[in-house]
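Tertiary structure, described
If you want the building blocks of each chain, they are given just below.
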Amino acid sequence: METLALQQKALSIRKDVMQLVYNAKTGHTGSDLSCTDLLVALYYDVMAVDPANPDQVDRDQYIQSKGHAAEVLWAVLADQGFIDQTELASFSQFGSRLIGHPNNKVAGVEMNTGSLGHGLPVSVGIALAGKLDGKTYHTYTLMGDGELAEGSVWEGAMAAAHYQLDNLTAIIDRNSLQITGASEQVMGLEPLNEKWQAFGWDVHEIDGNNMEEIVSTLKTPNQPGKPKLVIAHTVKGKGVSFAENQAGWHHKVPTDQELASALEQLSEQMEGLTHV
């Protein structure tokens with residue numbers, strides 16, 4: 001897809017997320033909105049996946065380690081056709097497959113996630129299996145910056161470099177906020193770039209809400225023998241003014257007035273794109 005179409009799609013998905021959280025009265029709103037551009041880039045332009053054949057052998061693999069941002073994943077999978085749009089109405093309802101974290105009973109979901117720190121190690125295993133089996137697929141995983149405090153992340157990082165997994169790309173949604181506040185105050189991560197380089201990764205820092213930068217970086221082939229790490233600097237609550245950079249919106253349901261305001265803001269942003 002062209003950059004403009006991807007930008008428009010991201011705004012449409014953000015509107016879906018706001019409506020989904022409002023209807024269900026639960027959801028990690030700010031976390032969803034910060035990584036929307038990343039998921040749209042992956043699913044609509046970067047990854048080789050097919051909603052009509054979700055189990056194809058050489059499909060690219062996506063693991064959402066940042067599992068609490070499930071609402072945006074459900075919205076994307078429904079829009080792509082992995083699941084029916086009507087099923088979104090069941091989100092977080094009793095007996096629904098669409099629960100508050102990714103569920104591999106749903107087509108397009110490779111792994112149940114939500115326990116932070118698991119996604120990268122599992123992705124390392126998937127990528128290594130691809131190497132050993134001579135498969136052509138690429139493995140992608142999205143982590144939140146708060147989960148980097150988990151030791152299993154760094155074990156996975158070490159293993160990925162050791163096995164020279166150049167078929168693996170990890171993305172950090174670096175919105176710098178987590179549920180208890182600023183990530184640097186909760187558990188300092190910097191210098192993040194140098195840490196991952198020291199672990200043997202090819203590191204890229206980008207504006208994680210800039211669609212052109214995201215796509216260009218993800219489509220650039222990995223350096224031979226090196227896993228790729230993308231530090232995507234994002235805005236928590238991106239696109240909704242009263243939620244942006246607010247830790248309180250990590251998990252929060254909009255009121256009637258807030259939903260109306262959010263949808264209006266996102267519609268205005270979409271209208272603005274058509275006049276650029």
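Below: a short report on this structure. What you are looking at is a predicted structure, and each value in this text was computed from that prediction instead of being measured.

1. What about the packing of helix α2 (residues 29-46) against helix α3 (residues 70-80)?
Where α2 contacts α3, the axes come no closer than 9 Å and their chain directions differ by 30 degrees. Accordingly, the angle class assigned to the pair α2 and α3 is roughly parallel. Of the two possible hands of crossing, α2 and α3 adopt the one that is right-handed. Counting all contacts with α2, which are made through Asp32, Cys35, Thr36, Leu39, Tyr43 and Tyr44, the residues of α3 involved are Ala70, Glu71, Val72, Leu73, Val76, Leu77, Asp79 and Gln80. Across the contact of α2 with α3, the residue classes break down as nine nonpolar, two polar and three charged.

2. So, the side chain of Ser31
Within the fold, Ser31 resides in helix α2. Under the relative-accessibility criterion, Ser31 is labelled buried at 1%. With sequence-adjacent residues up to four places away left out, Ser31 is seen in contact with Lys66, His68, Ala69, Asp173, Lys236, Trp249 and His250.

3. Considerations on the packing of aromatic side chains
The tally for this structure, following the rule as stated, stands at six aromatic pairs. Taking the centre distance of 5.2 Å and the plane angle of 55 degrees together, the rings of Trp154 and Phe199 count as tilted. With Trp154 in helix α5 (residues 151-162) and Phe199 in the loop between α7 (192-198) and β6 (202-207), this pair connects stretches of sequence that are 45 residues apart. These aromatic residues form a ring-pair network of at least three members: Trp154, Trp196, Phe199 and Trp201. Directly above the aromatic system of Tyr22 lies the positively charged group of Lys25, at a separation of 3.5 Å from the ring centroid.

4. Things to note about the pairing of strand β1 (residues 61-64)
A two-sided burial pattern is seen for β1, the buried positions comprising Gln61 and Ile63 on one face and Tyr62 and Gln64 on the other. As defined by bridge partners, β1 adjoins strand β2 (residues 139-144) across four bridges and the pair is classed as parallel. Within β2, the position partnered with Gln61 by the bridge is Thr139.

5. Regarding empty space enclosed by the protein
Applying the stated rule across the entire model yields two cavities of 30 Å³ or more. Val49, Asp60, Phe82, Gly108 and Glu110 are the residues nearest the centre of the largest cavity, which is lined by 14 residues in total. Its residues placed into classes, the lining of the largest cavity shows six nonpolar, four polar and four charged. Looking at the second largest cavity, its volume works out to about 40 Å³. In terms of lining, the second largest cavity is formed by Tyr43, Tyr62, Gln64, Leu73, Pro102, Gly108, Val109, Glu110 and Met111.

6. Focus: the pattern of salt bridges
In this structure the tally under the stated criterion is 10 salt bridges. In this structure, Lys66 and Asp173 form a salt bridge, with 2.3 Å as the shortest nitrogen-oxygen distance. Note that Lys66 is positioned in the loop between β1 and α3 and Asp173 in strand β3 (residues 168-174), a separation of 107 residues in sequence. Of the two residues, Lys66 and Asp173, both sit in the buried class. Residue Arg174 pairs with Asp145 through a salt bridge whose shortest N-O separation is 3.1 Å.

7. As for the layout of surface pockets
Left-over empty space is what a probe sized like a water molecule reveals as it rolls over the atoms. Its volume calculated, the largest pocket comes out at about 260 Å³. Taken together, 19 residues form the lining of the largest pocket, with His68, Leu116, Gly146, Gln178 and His250 sitting closest to its centre. Class assignment for the residues of the lining of the largest pocket results in four nonpolar, nine polar and six charged. In this model, the second largest pocket occupies a volume close to 190 Å³. Every residue lining the second largest pocket is listed: Gln7, Ala10, Leu11, Arg14, Asp37, Asn209, Asn210, Met211, Lys238, Gly239, Gln269 and Leu273. Of all elements in the fold, only α1 (3-24) and α9 (256-273) reach the threshold of two or more residues within the lining of the second largest pocket. For the lining of the second largest pocket, the element with the highest residue contribution is α1, accounting for four residues. For the lining of the second largest pocket, the per-class residue count stands at four nonpolar, five polar and three charged.

Reading guide: rules and limits
- Residues numbered from 1 in each chain as written.
- Predicted model: local features only at pLDDT ≥ 70, side-chain atom pairs only at ≥ 80, totals over all residues.
- Heavy atoms only, no water.
- Axes fitted to C-alpha atoms, helices over the stretch in contact; angles between N-to-C directions.
- Helix = DSSP H or I, 4+ residues; strand = E, 2+ residues; numbered from the N terminus.
- Parallel < 35°, antiparallel > 145°, perpendicular 65-115°, else oblique.
- Left-handed = near helix turned anticlockwise from the far one by under 90°.
- Contact = heavy atoms within 4.5 Å.
- Nonpolar A, V, L, I, M, F, W, Y, C, P; charged D, E, K, R; others polar.
- Buried < 20%, exposed > 50% of the residue type's maximum accessible area, 1.4 Å probe, protein only.
- Phe/Tyr/Trp six-rings, centres within 6.5 Å; stacked < 30°, edge-to-face > 60°.
- Lys NZ or Arg CZ within 6 Å of the ring centre and 35° of its normal.
- Pairing = 2+ DSSP bridges.
- 1 Å grid on protein atoms, 1.4 Å probe; cavity = no way out; pocket = protein on both sides within 12 Å on 5 of 7 lines; lining within 4 Å.
- Points joined across faces, edges and corners; volume = space filled by probe spheres on them.
- Salt bridge = Lys/Arg side-chain N within 4 Å of Asp/Glu carboxyl O.

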